[in-house]
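Spelled out from the first residue to the last, the chains are:
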Amino acid sequence: LPPDQRVGFAIVGLGRLSLEQLLPAFAECKRARPVALVSGSPEKARLVAAQYGIPDQAVYDYAGFDRIAEDPRVQVVYVVLPNGLHREFVMRAAKAGKHVMCEKPMANNSAEARDMVAACDQAGVKLMVAYRCQYEPYNRETIQRVRSGDMGAARFIEATNTQVMGPGDQWRFSKALAGGGALPDIGLYCLNTARAITGEEPIEVFARIFNPEGDPRYREVEESVSFMLRFPSGTIANCTTSYGAHESKDLRVRLEKGWIDLENAFAYEGQQMQVAHRGGKAEIVERVRLPQQNQFALEIDHMASCVKENRMPRTPGQEGVQDHVLMEALYESARTMAPVSL
Ligand code: NDP
């Protein structure tokens, strides 16, 4: 679409994700453009605005954010703040009559997430949770191949999302600002992807948590979680997530008639996909190659299309609520050291 017909986005919070991934991704978008910035750091905001051709009057601070209601260029508000601030800004955006995109995890807990869905419903605006992996082509290919049934039933899903978290990532160690540790931040991708692959909701979950003793970073939030999800059709997902293990972001599916390995499944790039099929007596291993596409641009364009065509996003607010309900069950399981039925 030509620039004047593209859907205008306001980016709220100019941190690492906004500056290093989202704003650059707009260059690869076909239906969206950044038209406003919301930031608590005026100098940084002015510099970034100049870089992206955003006029000074379209730069807001948090106190003045509600004036965005009178800015017709802004159709979507994209909330990219620490998790504990998502609820407030999603509700304010809805009140301003803007469609909302919200970074994952949707909130600190399911109660907040439900408030956000209700506020957007009441305001008649769309709400999308930015589950980027559900817009990434190799993840989509995996979901589609499993769901087609051609490879038989899926017995096991193995999903790992680990990375070493530096001491500088302050808000991520605060329960009030992050809601939790590795689980809501990165383990969420294992959970959300297992649900997307099966197209089912877990009926039983089990989790164990490990925190290194004496590490001040893990006084309020957890470092490592291993968890199991059991789905109605029998598929079991085994998931691991940690802030204390070297980067590994792989997804494996074991099916009756083959397997799928997706390396770097949850990374920003570098996905490598291999699929094994039983072909007669032999096993055929296929290397799947798809065109490289920026997953952030794809998800932003998806929201823009939903606004243009008045469609419901693939990952609406309800999707975020459900993940929070499940994460709460996982925390309960870890606390009680017993499986939790849903
Ligand atoms: P950063 O800490 O890098 O940035 C957060 C920004 O929020 C800050 O730069 C600041 O922007 C603003 N902010 C407002 N209030 C506070 C506060 N009290 N403490 C800290 N920052 C504040 O975080 P990220 O960019 O890594 O994460 C932001 C959101 O994006 C989170 O919800 C996170 O889970 C999600 N995320 C998603 C990823 C994905 O792959 N989809 C990857 C990384 C993060 P300013 O100076 O402009 O006010």
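Residues numbered from 1 in each chain as written. Predicted model: local features only at pLDDT ≥ 70, side-chain atom pairs only at ≥ 80, totals over all residues. Heavy atoms only, no water.

### Considering the sheet that holds strand β12 (residues 258–263)
Test applied: DSSP bridges decide pairing: two strands pair if at least two such bridges lie between them. By definition, any uninterrupted DSSP run of H or I lasting at least four residues is a helix, any uninterrupted run of E lasting at least two residues is a strand, and each is numbered from the N terminus. Whether two residues are in contact is decided by their heavy atoms, any of which lying within 4.5 Å being enough. Axis definition: a line fitted to C-alpha atoms, limited for helices to the stretch in contact. Angles are taken between N-to-C directions and run from 0 to 180 degrees.
Strand order in the open sheet formed by nine strands is β14-β13-β12-β11-β7-β10-β9-β8-β15, and the pairing between neighbours is mixed. Only two strands of the sheet have a single partner each, and these edge strands are β14 (282–288) and β15 (340–341). Here two bridges tie strand β8 (residues 204–210) to β15, and the two strands are oriented antiparallel to one another. By the bridge assignment, E204 is partnered in β15 with S341. In the packing of helix α9 (residues 317–336) onto the sheet, contacts are made with β8, β9 (224–230) and β15, and the angle to β8 comes to roughly 60 degrees.

### Concerning the domain arrangement of the protein
Rules: For each domain, the first and last residues come from an automatic or database assignment. A quick way to say it: buried area is the sum, across both parts, of accessible area lost when two parts are put together, with a 1.4 Å probe. Whenever a carboxyl oxygen of Asp or Glu lies within 4 Å of a side-chain nitrogen of Lys or Arg, that contact is scored as a salt bridge.
Looking at the assigned domains, one finds that the protein contains domain 1 (3–131 + 296–316) and domain 2 (133–291 + 324–341). In this structure, domain 1 and domain 2 have C-alpha centres spaced 27 Å apart. Opposite the 23 residues of domain 1 that make contact, domain 2 presents 20 residues. Carbon and sulfur atoms make up 58% of the surface buried where domain 1 meets domain 2, a total of about 1,900 Å² over both sides. Contact with domain 2 buries surface across domain 1, with K104, Y131 and R314 losing the most and accounting together for 34% of the total. Taken together, the connections running from domain 1 to domain 2 amount to one salt bridge. Note that D185 and K104 form a salt bridge whose closest N and O atoms lie 3.2 Å from each other.

### With respect to the layout of surface pockets
Quick reminder of the rule: We place a 1 Å grid over just the protein atoms. Points where a 1.4 Å probe fits but has no way out form a cavity, open points with protein on both sides within 12 Å along at least 5 of 7 lines form a pocket, and any residue with an atom within 4 Å of a point lines it. Grid points are joined across faces, edges and corners, and a volume is the space filled by probe spheres set on the points. Asp, Glu, Lys and Arg are counted as charged, while Ala, Val, Leu, Ile, Met, Phe, Trp, Tyr, Cys and Pro are counted as nonpolar; the rest, among them Gly, fall into the polar class.
Counted as a void, the largest pocket has a volume near 980 Å³. In terms of lining residues, the largest pocket is bounded by 41 residues, among which R16, L17, R172, D185 and Y268 are the most central. Looking at the lining of the largest pocket, the element that brings in the most residues is helix α1 (residues 16–25), giving five residues. Residue composition of the lining of the largest pocket, by class: 16 nonpolar, 13 polar and twelve charged. Three or more residues apiece are contributed to the lining of the largest pocket by two domains, here domain 1 (3–131 + 296–316) and domain 2 (133–291 + 324–341). K175, G179, G180, E222 and Y331 are, among the 18 residues lining the second largest pocket, the residues nearest its centre. Elements represented by at least two residues in the lining of the second largest pocket include exactly α6 (175–178) and α9. Per element, the largest residue contribution to the lining of the second largest pocket is five residues, and it comes from α9. Counted by class, the lining of the second largest pocket contains seven nonpolar, six polar and five charged residues. Looking at which domains feed residues into the lining of the second largest pocket, each of domain 1 (3–131 + 296–316) and domain 2 (133–291 + 324–341) gives three or more.

### Regarding empty space enclosed by the protein
What the rule picks out here adds up to one cavity of 30 Å³ or more. Of the pockets and cavities examined, the largest cavity occupies roughly 40 Å³. What lines the largest cavity is simply C133, Q134, N139, I143, Y189, N192, T193 and A196. For the lining of the largest cavity, the element with the most residues is helix α7 (residues 182–198), which contributes four residues. Here the lining of the largest cavity is built from residues that sort into four nonpolar, four polar and no charged.

### Quick look at the state of the cysteines
To be explicit about the condition: Put simply, a disulfide is two cysteine sulfurs that come within 2.5 Å. For the exposure calls, accessible area comes from a 1.4 Å probe over protein chains only, and a residue counts as buried if that area is under 20% of its type's maximum, exposed if over 50%, partly exposed in between.
Inspection of every chain in the model, using the stated rule, returns zero disulfides. This cysteine, C29, is not joined by any disulfide, and C306 carries the nearest cysteine sulfur, 13 Å off. Counting only cysteine sulfurs, C239 is the nearest neighbor of C190, a cysteine outside any disulfide, at a range of 5.1 Å. A residue is classified by how much of its surface remains accessible, and C190, at 1% relative accessible area, is buried.

### Re unusual backbone geometry
With omega at -20 degrees, the peptide bond leading from K104 into P105 counts as cis. Position of P105 among the secondary structure elements: in the loop between β5 (99–103) and α4 (110–123). Residues other than glycine seldom take positive phi values, yet N264 does so here, at roughly 55 degrees. As for its placement among the helices and strands, N264 is situated in the loop between β12 and β13 (272–279).

### Some points on the site of the ligand
Note the threshold: Here, proximity means that at least one heavy atom of the residue falls within 4 Å of the molecule or strand. Pairs of N or O atoms within 3.5 Å make up the polar contacts considered here, provided that, within protein, one atom can donate a hydrogen while the other can accept it, and that residues adjacent in sequence are counted only when both atoms are side-chain atoms. To qualify as sitting in a cavity or pocket, a molecule needs more than half of its atoms within 2 Å of the grid points.
The local shell around the ligand holds 25 residues, among which S39, S41, Y62, N83 and R132 are the closest. Between the ligand and the protein, one listed contact pairs an oxygen atom with a backbone N or O atom of G40 at 2.7 Å. Interatomic distance of 3.0 Å between a side-chain N/O atom of H86 and an oxygen atom of the ligand. Put simply, the ligand lies in the largest pocket. Elements represented by at least two residues in the shell around the ligand include exactly α1 and α7. Partitioning the shell around the ligand into residue classes produces eleven nonpolar, seven polar and seven charged.

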